[in-house]
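Per-entry structural report
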Amino acid sequence: MTIEETLVNTLSELGVKVFPLVKPIKESFPCIVYQRISTSIKRTLTGTVDLNRVRMQVACFGNTYQEAKDLANQVRNLLEANTEIFEVSTLENQVENQEENINQIILEFFIWSKLI
């Protein structure tokens, strides 16, 4: 199983739809959109380390700003410092974006995992 598959399975527990890269135009809110930003394969003098550091962006959308914020808090509580699903995941950044008819909270996580 890949990190993306594991992430989708985990986020689906929140009862909202989860999409890669972009939200389909006809899909309604609330929903989550994720994308892999980067993968860092750690190396030592003796070779590679068993863990990879993957930077994932998770965008939480809601019908209202409060709905997006509540969903982002649920995602953060589910993933932050989670050592059961991944070796560890930490919240690196949070950006709030409110435009006309779009309420979005973007979370960026570093996920350390043996999965790639």
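You'll find the structure just up there.
The notes below deal with the structure included here. Note that the structure is predicted; figures quoted are calculated from it, not measured.

A short note on the overall build of the protein
Check the secondary structure of the protein and you find two helices and five strands. Tracing the protein from N to C terminus, the helices and strands come up as α-β-β-β-α-β-β. Computed over C-alpha atoms, the radius of gyration of the protein comes to 15 Å, within 12% of the 13 Å expected from 2.2 N^0.38 for 116 residues, which places it in the range of a compact globule. The C-alpha extent of the protein, read off along each of the three principal axes, is 50 × 25 × 25 Å. On the protein, the mean spot of the 11 positive side-chain charges and the mean spot of the 15 negative ones are 5 Å from each other.

Topic: the nonpolar core
Where a protein is soluble and globular, its nonpolar side chains tend to be buried together. Judged by nonpolar contacts, the single largest core of 22 residues is most densely connected at L11, I32, V58 and V75. Of all elements in the fold, only α1 (3-12), β2 (31-44), β3 (47-62), α2 (65-79) and β5 (102-113) reach the threshold of two or more residues within this core. With six residues, α2 is the largest single contributor of residues to this core.

A look at the packing of α1 against α2
Two numbers describe how α1 lies on α2: the axes approach to 10 Å, and their chain directions differ by 120°. Taken together, the axes of α1 and α2 are oblique relative to one another. In terms of crossing hand, the pair formed by α1 and α2 is right-handed. Only V75, L78 and L79 of α2 make contact with α1, whose side of the interface consists of L7, T10 and L11. Within the contact of α1 with α2, the residues separate by chemical class into five nonpolar, one polar and no charged.

Calculation rules
- Residues numbered from 1 in each chain as written.
- Predicted model: local features only at pLDDT ≥ 70, side-chain atom pairs only at ≥ 80, totals over all residues.
- Heavy atoms only, no water.
- Helix = DSSP H or I, 4+ residues; strand = E, 2+ residues; numbered from the N terminus.
- Rg over C-alpha atoms; globule rule 2.2 N^0.38 Å.
- Lys, Arg positive; Asp, Glu negative; His and termini not counted.
- Charge placed at Lys NZ, Arg CZ, Asp CG, Glu CD.
- Core = buried A, V, L, I, M, F, W, Y, C linked by side-chain atoms within 4.5 Å.
- Buried < 20%, exposed > 50% of the residue type's maximum accessible area, 1.4 Å probe, protein only.
- Axes fitted to C-alpha atoms, helices over the stretch in contact; angles between N-to-C directions.
- Parallel < 35°, antiparallel > 145°, perpendicular 65-115°, else oblique.
- Left-handed = near helix turned anticlockwise from the far one by under 90°.
- Contact = heavy atoms within 4.5 Å.
- Nonpolar A, V, L, I, M, F, W, Y, C, P; charged D, E, K, R; others polar.

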